[in-house]
Amino acid sequence: MIIKPKVRGFICTNAHPQGCAAHVQEQIAYTKAQAGLAAKGDVAGPKNVLVIGCSTGYGLASRITAAFAYGAKTLGVCFEKPASDKTASPGYYNTSAFHDAATAEGLFAHTINGDAFSNDVKGQVIDVLKSGMGKVDLIVYSLASPRRTDPVTGQVYSSVLKPIGNPYTSKNLNTDTMKISEITLEPATEAEIANTVKVMGGEDWELWIDALKAAGLLADGVKTVAYTYLGDKLTWPIYGQATIGKAKEDLDRAATAIASKLQDVKGHANVAVLKALVTQASSAIPLMSLYLSILIKVMKAAGTDEHCIEQIQRLFTECLYSNNPRMDGANRYRVDEKELEPAIQAQVEAIWAEVTEDNLMQTTDYKSYSEDFLKLFGFGFAGVDYDADISPQVATNF
């Protein structure tokens, strides 16, 4: 088939296998170009890494960094769809490309494709570790799912993106119509708040650590990190004073609880706050397409714009494997400091106040936002023939 992007709302419903492979290779090439990256941290890097949510975005960048900067063995967990009469999901193509690259470099890589929330997948991970990979010294928790099935009760919980207490009205860009209008989000019910915490909070992260500890598979000095975003004035009403904010509070709770459980192996558990980026998850959140279009323009002009791979490599060298990590008062690693610089946020707020449909292309960098969005699905890479008639199938190597 000839594969062209099919965009509907905040999602692209197909993906390009060769384009996704190019995206993975681009990140690997960037990693390799950072000569001596593993030596930039002043603490020894990881050797055995588990990435829960390994196939896209920050999770994929974490796996690439662990493998191609530190030579670590990596075990990944994802929930991706293989090709049928339609294309596979982008994460499936990404993971296949990662395995090809790891094999070519002689790096150990194993991936389990299944529901990370389930006890079955946790058991499969434990079996792989026991069969030879060994104890893990870094566990990255990078899941972004709209729903979760409780592994004990079987109840399915769905998350919502709503404010708490009062309705919230904001500018919003409809990327289908390119219209900017006000959008009002009604406040969440108590049940919706609780359900969102069940899906996006720290309960499952804690269950993973409990299972690995019970199996004796945590190395001395093990580190575990969960990823989050907080933002500033413009995004706080939807990320902070909202259902997601309550889930983030629970993530902080879980980090403290996990850290206590890791004391006997001298381990560490932290939340890492990363910058706003164009990801499949962020594209679904109201106001973020407009905010990101502005932010990209401002940060590019300042020379501080970063993508997933740059963010994660700074997390490793400046936080995870540093004797002087950059942390906030809540014991979180901070890699969002460039986004939150007062001068950057002041410029973003000024543009936000004046942006309209008529001046969108002049006041923002929507072009780069759109390009970054399509790249998530393998579209827009130089050297890929998007007019070629190709098979959507790729080798099942994981």
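Above: the structure in question.
Bear in mind that the values here come from a model prediction, so they are computed numbers and not experimental data. (Residues numbered from 1 in each chain as written. Predicted model: local features only at pLDDT ≥ 70, side-chain atom pairs only at ≥ 80, totals over all residues. Heavy atoms only, no water.)

A.B. asks: I'm lost on unusual backbone geometry in this one. Help?
C.D. replies: One can expect most non-glycine residues to show negative phi and most peptide bonds to be in trans. Positive phi is not limited to glycine here, since Met178 has a value of about 60°. Relative to the elements of secondary structure, Met178 occurs in the loop between strand 9 (168-174) and strand 10 (179-185). Even without a glycine there, the phi angle at Lys266 is positive, about 55°. Locating Lys266 in the fold gives a position in the loop between helix 9 (243-261) and strand 12 (268-273). Residue classification places Lys266 among the exposed residues on the basis of a relative accessible area of 66%. (Helix = DSSP H or I, 4+ residues; strand = E, 2+ residues; numbered from the N terminus. Buried < 20%, exposed > 50% of the residue type's maximum accessible area, 1.4 Å probe, protein only.)

A.B. asks: Whenever I open this one, empty space enclosed by the protein confuses me. Can you help?
C.D. replies: Empty pockets left among the atoms are what a rolling probe the size of a water molecule brings to light. Summed over all chains, the structure comprises 1 cavity of 30 Å³ or more. Approximately 40 Å³ is the volume attributed to the largest cavity. Contributing to the lining of the largest cavity are Lys275, Ala276, Leu277, Val278, Leu292, Ile296, Asp305, Glu306, His307 and Asp372. Residues that form the lining of the largest cavity fall into these classes: 5 nonpolar, 1 polar and 4 charged. (1 Å grid on protein atoms, 1.4 Å probe; cavity = no way out; pocket = protein on both sides within 12 Å on 5 of 7 lines; lining within 4 Å. Points joined across faces, edges and corners; volume = space filled by probe spheres on them. Nonpolar A, V, L, I, M, F, W, Y, C, P; charged D, E, K, R; others polar.)

A.B. asks: How should the layout of surface pockets be read in this particular structure?
C.D. replies: Its boundaries defined by the atoms lining it, the second largest pocket holds a volume of some 330 Å³. In terms of lining, the second largest pocket is formed by 21 residues, of which the most central are Gly9, Phe10, Thr175, Ser283 and Tyr369. Of all elements in the fold, only strand 9, helix 10 (288-302) and helix 14 (366-375) reach the threshold of two or more residues within the lining of the second largest pocket. Taken together, the residues that form the lining of the second largest pocket break down as 13 nonpolar, 7 polar and 1 charged.

A.B. asks: What should I look at first to understand helix 6 (residues 190-200) in this one?
C.D. replies: At 3.6 residues per turn, the α-helix brings residues three or four places apart onto the same side. Burial in helix 6 covers these residues: Glu192, Ile193, Thr196 and Val199. Looking straight down helix 6, one finds its buried side chains confined to an arc of 130°; they lie on one side. Where helix 6 is buried, its residues meet strand 7 (147-149), strand 8 (156-158) and helix 9. (Arc of directions from axis to C-beta. Contact = heavy atoms within 4.5 Å.)

A.B. asks: Even after reading the chapter, I still don't get the pairing of strand 12, so can you show me in this structure?
C.D. replies: Side-chain positions along a regular strand alternate between the two faces of the sheet. Buried residues dominate strand 12, accounting for 5 of its 6 residues. Sheet topology note: the strand 11 (residues 218-228)/strand 12 ladder contains 6 bridges and is parallel. Across the sheet, Thr228 pairs through a bridge with Val273, a residue of strand 12. Sheet analysis places strand 12 next to strand 13 (residues 333-334), joined by 2 bridges and oriented parallel. Paired with Val273 across the strands is Arg334, a residue of strand 13. (Pairing = 2+ DSSP bridges.)

A.B. asks: Looking at this structure, I do not really get the sheet that holds strand 11. What am I missing?
C.D. replies: In sheet architecture, strand pairing relies on hydrogen bonds along the backbone and comes in two forms, parallel and antiparallel. Spatially, 7 strands are ordered 5-4-3-6-11-12-13 in an open sheet, and the strand pairing comes out parallel. Because the sheet does not close on itself, it has two edges, and the strands there are strand 5 (109-113) and strand 13. Here helix 5 (residues 119-133) sits on the sheet and contacts strand 3 (48-52), strand 4 (73-78), strand 5 and strand 6 (136-141); the angle it forms with strand 4, its principal contact strand, is near 165°. Docked against the sheet, helix 7 (residues 203-214) engages strand 3, strand 4, strand 6, strand 11 and strand 12, running at close to 165° with respect to strand 11. (Axes fitted to C-alpha atoms, helices over the stretch in contact; angles between N-to-C directions.)

A.B. asks: Before we go on, may I ask you to explain the pattern of salt bridges in this structure?
C.D. replies: Side-chain pairs of opposite charge can arise whenever the charged atoms involved come near each other. The tally for this structure, following the rule as stated, stands at 28 salt bridges. Linking Asp204 and Lys122 is a salt bridge whose minimum nitrogen-to-oxygen distance equals 2.9 Å. Separated by 82 residues along the polypeptide, Asp204 in helix 7 and Lys122 in helix 5 bring together distant segments of the chain. With a closest N to O distance of 2.7 Å, Glu203 and Arg148 form a salt bridge. Residue Glu203 is found in helix 7, and its partner Arg148 is found in strand 7; the two are separated by 55 residues along the sequence. A residue is classified by how much of its surface remains accessible, and Glu203, at 27% relative accessible area, is partly exposed. A single network of salt bridges, built from pairs that share partners, joins Glu306, Arg314, Glu318, Arg326, Glu337 and Lys338. (Salt bridge = Lys/Arg side-chain N within 4 Å of Asp/Glu carboxyl O.)

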